[in-house]
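# Analysis of the macromolecular model
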Amino acid sequence: MKAFPPALIERLAGAQSVAVLTGAGISAESGVPTFRDAGGLWEQFRPEELANVQAFLRNPDLVQRWYAYRRKLVREVEPNAGHYALVALERLIPDFTLITQNVDNLHRRAGSQRIVELHGNLLRSYCINCRRPATEIDLEAAAEGQPARCPACGGLIRPDVVWFGEFLPEEALTEAYAACERAEVFLSIGTSALVYPAAGLPLEAKRHGAYVAEINLHPSAIAREVDAVILGKAGEILPVLVETLRQARSRNAPAAGS
Ligand code: APR
């Protein structure tokens, strides 16, 4: 079994409060392209072309089609062992918060409950005028080459995701920072740690005394500042980490009274 830093297992075994940040890397093994790896989502387009309000208002039909492609893609894939390991971890830790940058809904589909969606969710859309939630029928009602519009007011429909230059949902950020303050262990998983404020959360937790471990295919931008870097695939590492934790906890468990 993979050897983890003893301090990580010790801290996890006794932890009441754990926070996790995930990025696109945890969904890579499900077949969802990441943003910045070779062949990633941005490779076909530049962020400024699509994931911002100006691009959307300039070419709503193109942006809506890109998001329709991404919704179709995430509906066709399944959560992977990394997502399911985090569900198991959540059930072992009394105060567990899963903070995700991902908008692919795979944590929710895997069964995670305590999710903070920092960048929104692809499977939700709304009208930019009246903010009415849009249904799949609304999204598909547009004529060929025409952007989908709100049936109530005619406003353009956009995905409920955070675009470059936009603020993150206030409530999600507040919840994420609160989790960083409480966390005894913070795991940063599958993220390049390049996009703030999400990328600042692991070190925010460290400033509050958490033991911070990164689980990533390649060292991220914060690799030199965390307590441990475990290189590899989240879908392979996380199930072993949870099993190692289970064994550590059973060793520490008080002997059943004879
Ligand atoms: N297991 C673990 N880590 C992986 C795996 C894997 N199987 N595959 C890739 N990775 C790592 C890569 O090494 C990389 O560091 O996941 C990271 C993915 O980084 P990005 O593609 O930059 O994705 P992310 O960090 O989530 O991007 C943050 O940027 O474009 C915005 O809003 C978008 O939420 C996104 C944010």
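Just above, that's the structure.
In what follows, the accompanying structure is described. (Residues numbered from 1 in each chain as written. Predicted model: local features only at pLDDT ≥ 70, side-chain atom pairs only at ≥ 80, totals over all residues. Heavy atoms only, no water.)

### A short note on the overall build of the chain
- Along the backbone of the chain there are twelve helices and nine strands.
- In terms of overall dimensions, the chain is globule-like: its C-alpha atoms have a radius of gyration of 20 Å, near the 18 Å expected for 258 residues.
- With the principal axes as the frame, the chain shows a C-alpha extent of 70 × 40 × 30 Å.
- Scored against the burial criterion, the 258 residues of the chain give a buried share of 52%.
- Excluding contacts between residues fewer than 6 apart, the proportion of contacts in the chain whose partners are at least 24 apart in sequence is 69%.
- When the accessible surface of the chain is split by element, carbon and sulfur atoms take 53% of a total near 12,300 Å².
- Seen as two clouds, the 27 positive and the 30 negative side-chain charges of the chain have centres 1 Å apart. (Helix = DSSP H or I, 4+ residues; strand = E, 2+ residues; numbered from the N terminus. Rg over C-alpha atoms; globule rule 2.2 N^0.38 Å. Buried < 20%, exposed > 50% of the residue type's maximum accessible area, 1.4 Å probe, protein only. Contact = heavy atoms within 4.5 Å. Areas by Shrake-Rupley, 256 points an atom, 1.4 Å probe, with all protein chains shown as cover. Lys, Arg positive; Asp, Glu negative; His and termini not counted. Charge placed at Lys NZ, Arg CZ, Asp CG, Glu CD.)

### Side note on unusual backbone geometry
- With omega at 5°, the peptide bond leading from Tyr-196 into Pro-197 counts as cis.
- Here Pro-197 is to be found in the loop between strand S7 (185-189) and helix H11 (201-207).
- Phi at Asn-105 is positive, roughly 65°, even though this residue is not glycine.
- Checked against the element boundaries, Asn-105 lands in the loop between strand S2 (95-100) and helix H8 (106-110).

### So, the pattern of salt bridges
- Tallied over the entire structure, the rule returns 15 salt bridges.
- A salt bridge links Arg-207 to Glu-204; the nearest nitrogen and oxygen atoms lie 2.8 Å apart. Residue Arg-207 and its partner Glu-204 are located together in helix H11, separated by three residues, close to a single helical turn.
- Note on Glu-204: relative accessible area 16%, which makes it buried.
- Salt bridges here are not isolated pairs; linked through shared partners, they connect Arg-108, Glu-117, Arg-124 and Asp-160. (Salt bridge = Lys/Arg side-chain N within 4 Å of Asp/Glu carboxyl O.)

### Some thoughts on the sheet that holds strand S1 (residues 17-22)
- Taken in spatial order, the six strands of this open sheet run S3-S2-S1-S7-S8-S9, and their pairing is parallel. Since the sheet does not close on itself, it has two edges, and those belong to strand S3 (115-117) and strand S9 (228-231), each with one partner. Put simply, the sheet's adjacent strands are angled 20° from each other on average, direction ignored.
- Where S1 lies against S2, six bridges are found, and the strand directions are parallel. Residue pairing in the sheet places Val-20 in a bridge with Leu-98 of S2.
- The strands touched by helix H12 (residues 234-252) within the sheet are S7, strand S8 (211-216) and S9, with S8 carrying the most contacts at an inclination of about 140°. (Pairing = 2+ DSSP bridges. Axes fitted to C-alpha atoms, helices over the stretch in contact; angles between N-to-C directions.)

That's the geometry; what it means functionally is another story.
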